[in-house]
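Breakdown of the fold
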Amino acid sequence: MTVQELSRKINNDIHNRMFQPNHFKEVFGDYEKCFTSLDLIEDCQDAIDEFKAIPETKIPNRSVLNIYGVLQATFCQQDGLYGLYQNISRKKFKSISDFFTQFDFDNKNREIRNDIVGHPSTRKVNGKPEFYFIDKGPNSKYKFSYAGYSPDFVVKKVDLKKIIDEQNNLANNVLIKVIKMINEKINQHKEKHKSESLHSIVSTLNYSIQLIKRGYSDTQRAFQAEGNIKIVTSKMKEVEEELKKRFRSSIPESVEYTLGNIYYILEQMGNWYENNELLGKKDAEIFMIAFDKEFDELGIMLKEIDEEY
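Residues numbered from 1 in each chain as written. Predicted model: local features only at pLDDT ≥ 70, side-chain atom pairs only at ≥ 80, totals over all residues. Heavy atoms only, no water.

A few words on the pairing of strand 2 (residues 128–134). With 3 bridges joining them, strand 1 (residues 123–125) and strand 2 adopt antiparallel strand pairing. Pairing of arginine 123 across the sheet is with glutamate 130, part of strand 2. The hairpin formed by strand 1 and strand 2 contains 2 residues between the paired strands, and asparagine 126 there has a positive phi angle of roughly 55°. Pairing between strand 2 and strand 3 (residues 143–149): 4 bridges, direction antiparallel. Directly across from phenylalanine 131, in strand 3, lies its bridge partner tyrosine 149. (Pairing = 2+ DSSP bridges. Helix = DSSP H or I, 4+ residues; strand = E, 2+ residues; numbered from the N terminus.)

Here is the structure:
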């Protein structure tokens, strides 16, 4: 897969409902940093690929703009990879150099950019000033020289092809590792809840639902509705709490909508009972017809979630 394809896969994976609500903190920047890092990684790769696609015959004898562009694209992409990896791994590094070490990436590639495209006339390394400039002679598409004072005069030769290839390896290695980490976290989440069945919470409620219906249809046993409205309501709350354990604040909208309808119906049934209006009430019968439909829908959705786990 290309860097762009890996980035888009991760962008999809981070929105997995088993990952997103359970990984990202509910503070601004945690989630946003992740997907903007992915955009940065992908855009920088587009820039690098555009440069690679330029025929050598189209490159001017001295192409400073292309040099600036490629080096800046690799630098920004490194920042994106660094931010993304920290965000997903929750690993803290003292510096980006430590991050490069983990992935066997040569930090000199980043330093070339800092020498030339950073602040070449005010460069400082370990607190000491250095000054750099690009060779005034011709350069090819991938090879050029730059020189400077540190304080000794030095000339450095650069192979952009090598830098691009090493950058591509870094990007692929980091993105593949990120995909693995996301999958591991999803599997850990599944493992935690796989033995807990949501559907089993509601599967034994049919009898209680029948007793609720006696509230409007059975003169002798209408009183049985009261306790069973409370039983079914309690089970709905149990379902909701279990859903929050899995999805936190991101309970699937369809389930949340159905639960809302069920709560509303049960509340109305309870109000009618308390006001001695339930027995013989046609509206209550209609409400319970709607309840049966919503309850069946809820059972199907809970089974689907159980199968996911």
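With that settled, the discussion passes to unusual backbone geometry. Here the bond from serine 150 into proline 151 is cis, since omega is -5°, no more than 30 degrees from zero. One can find proline 151 in the loop between strand 3 and strand 4 (153–159). In the Ramachandran plot, arginine 90 falls in the positive-phi region, its phi being about 60° despite a non-glycine side chain. Examined against the element boundaries, arginine 90 turns out to sit in the loop between helix 4 (64–89) and helix 5 (96–102). Assessed through its relative accessible area of 30%, arginine 90 is described here as partly exposed. (Buried < 20%, exposed > 50% of the residue type's maximum accessible area, 1.4 Å probe, protein only.)

Quick look at the pattern of salt bridges now. Counted by the stated rule, this structure contains 19 salt bridges. Two residues, aspartate 30 and arginine 90, come together in a salt bridge whose shortest N-O distance is 2.9 Å. A residue pair is termed long-range when its members are at least 10 positions apart, and aspartate 30 in helix 3 (residues 30–53) and arginine 90 in the loop between helix 4 and helix 5 qualify at 60 residues. Take aspartate 30: its relative accessible area is 10%, and that puts it in the buried class. Between lysine 245 and glutamate 242 there is a salt bridge, and its shortest N-O distance comes to 3.0 Å. Note that lysine 245 and glutamate 242 are positioned in helix 10 (residues 224–247) at a spacing of 3 residues, about one turn of the helix. Owing to a relative accessible area of 48%, lysine 245 belongs among the partly exposed residues under this scheme. It is possible to trace a salt-bridge network through shared partners that takes in Glu111, Asp115, Arg123 and Lys156. (Salt bridge = Lys/Arg side-chain N within 4 Å of Asp/Glu carboxyl O.)

In this section: the packing of aromatic side chains. Two measures describe an aromatic ring pair: the distance that separates the ring centres and the angle between the ring planes. On inspection of all chains with the given rule, the structure shows 19 aromatic pairs. For the ring pair phenylalanine 93 and phenylalanine 99, a centre distance of 5.8 Å and an interplane angle of 75° mean the geometry is edge-to-face. Phenylalanine 99 matches phenylalanine 93 in its accessibility class, with the two residues each being buried. Judged by centre distance (5.2 Å) and plane angle (55°), the rings of tyrosine 149 and phenylalanine 153 are tilted. Residue tyrosine 149 is classed as partly exposed on the basis of its relative accessible area, which comes to 40%. For phenylalanine 153, a relative accessible area of 46% corresponds to the partly exposed category. Taken together, the aromatic side chains of Tyr82, Tyr85, Phe93, Phe99, Phe100, Phe103 and Phe105 make up a single cluster linked through ring pairs. (Phe/Tyr/Trp six-rings, centres within 6.5 Å; stacked < 30°, edge-to-face > 60°.)

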